[in-house]
Each structure stands twice: as C-alpha cells, then as structure tokens.
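Descriptive analysis of the structure
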Amino acid sequence: MTDKTGFIIIPAYNEEKHIGYVVSQATKILPTFVIDDGSNDSTSVIAQKNGAQVFLQVPNQGKGQALKRGFQEAINLDCDYVITIDADGQHDVQESIKFISLFDLEKLDLIIGYRDFSKMPFSRRIANTVGGWAFSWAMGVKILDNQSGYRLLSRRLLEKVLQSKESGFEFEVDVIATCIKSNYSVGWIPIRTLYGNETSHIHPIHHIKNFFRVVWQTHKRMKR
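Residues numbered from 1 in each chain as written. Predicted model: local features only at pLDDT ≥ 70, side-chain atom pairs only at ≥ 80, totals over all residues. Heavy atoms only, no water.

**Quick notes on the sheet that holds strand E1 (residues 6–12)**
An order of E3-E2-E1-E4-E6-E5-E7 is seen for the 7 strands of this open sheet, with the pairing classed as mixed. Single-partner strands in this sheet number two, and they are strand E3 (53–56) and strand E7 (186–190). On average, adjacent strands in this sheet sit at an angle of 20° to one another, irrespective of strand direction. Bridge analysis of strand E4 (residues 81–84) against strand E6 (residues 151–154) gives 4 bridges, and the strand direction is antiparallel. Following the sheet pairing, Thr-84 is matched in E6 by Arg-151. Packing against the sheet, helix H3 (residues 63–76) makes contact with E1, strand E2 (32–36), E3, E4 and E6, and its axis sits at approximately 155° to E1. (Pairing = 2+ DSSP bridges. Helix = DSSP H or I, 4+ residues; strand = E, 2+ residues; numbered from the N terminus. Axes fitted to C-alpha atoms, helices over the stretch in contact; angles between N-to-C directions. Contact = heavy atoms within 4.5 Å.)

As structure tokens, then:
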C-alpha cells in the first residue's frame, strides 16, 4: 500500500448496532475517526472502545457537516488522503485497500465506489437510478453513482470541499460537482453493498427536494 498518510472517516448517527464491527475492521487498515453526529445512543462509546478517535458533533448537524469535521481533523494531521465509509455496515471495509492501491497508482483526487443497482431493494434501485440520470444530466458526463458514501478524497480536494455550503446528504453530491468543476481527477471502483437491518436516516421528501435543488444548482454551475 501507499506510504502516504491516510485516515478512514466514519460519520455516524445512532449506529450502536453496527459501529463496533465497522470500526474494528477499519482500524486494521488505517487510523480511524468517527464523527458522532449528535447520537443519543452508545455510538461514541462503542467506537472508542474499538479503536477509533471520536469527535462529537452536538447537536445533530447532518452528514455533510460530520464529514467536513472529519476532513478538517485529517488535514490538521497533514493527511494526503482520506477514505469515507458509512457506519451502518453496508460497506465491505476490506475493499478500502483497493481504493488505496488505485490512489497510489494514479494519484486521483476522487475515487468513488459504485454499487450494482440491480442488487438493491427495489425502492432504492429506482431512487438511485433516477438520481443518477438527473445528476449525470446536470454534470454533462455520466456519473456511475452519486450517492455512494464509500470514497477516497485527496488532500487538495478536501481543502476545496470544506467551502461547501451543503450540510446534509447532498454534500456528497456537491463533492463530485466541485471535483469535476475544478478539473480534478475522478476514478471509479466497483464495490459490494451489504444490505441487512440498517436504518436509513434519510427523510425522503426533504432529501428529494434538496437533491434536485443541488442538481439544478450544479447544472447552472457547470454551464458557467
């Protein structure tokens, strides 16, 4: 693996059921930060017991703000890259080694793990497919997976996206737009997605409204 300095960042909200296992796997690969976004369960205690450095974000401020907090902490420690992983156990943490290898080989600014939509539950498949079409239209290039939380970001991209005004799940969409608009490099890696008893923290109506707001803003931004 690369000799560059990297961290795994896990934003988490009420994930006491899954966070222990996810962190125990992540810390075998890289130093791991958990950003506890206002949880009211034992997420932070379990994460710390399993080897993560925990940062508390109180009150709950959204996934985007949690990620930005983690990015800033990694930058403070002079990182070269970070890998973001969801806390709910949907990602195979061992696949992060593939992200590191590709980064070491090609020095990409953004590497996104793209999922096989055909293996998703039906409602998620439809939402991700339609969202993918809309965002690809806005970007003017095909985006394989705009919602995947499994990513590697370079130091210079981290510094750039800290300026984003998005605080929720839409932040991850804005990261892609910022990367491409900045003429930074993007790569893709196929990943497994493990569906079990995880609980979604997305509020559908609010998320859909904000997603299409970001899509329209991105369309106007890319035309400038």
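**Examining the pattern of salt bridges**
Counted according to the given criterion, the structure contains 11 salt bridges. A salt bridge links Asp-78 to Arg-155; its shortest N-O distance comes to 3.2 Å. Here the residue Asp-78 occupies a position in the loop between H3 and E4, and Arg-155 occupies one in helix H6 (residues 155–161), the gap between them amounting to 77 residues. When its relative accessible area of 54% is taken as the criterion, Asp-78 is described as exposed. Judged by relative accessible area, which is 23%, Arg-155 ranks as partly exposed. Among the salt bridges present, the one from Arg-115 reaches Asp-145, with a minimum N-O distance of 2.7 Å. Taken together, the residues Arg-115 in the loop between strand E5 (110–114) and helix H5 (122–139) and Asp-145 in the loop between H5 and E6 connect sequence positions 30 residues apart. Linked by salt bridges that have partners in common, Lys-63, Asp-86 and Glu-172 make up one network. (Salt bridge = Lys/Arg side-chain N within 4 Å of Asp/Glu carboxyl O. Buried < 20%, exposed > 50% of the residue type's maximum accessible area, 1.4 Å probe, protein only.)

**Concerning unusual backbone geometry**
Where the residue is not glycine, phi is negative for most of them; where a peptide bond is considered, it is trans in most cases. Of note, the amide linkage connecting Val-58 to Pro-59 takes the cis form, showing an omega dihedral of -5°. Phi is positive for Asn-14, close to 50°, though the residue is something other than glycine. If you check the backbone angles, Asp-78 has positive phi at about 60° while not being a glycine.

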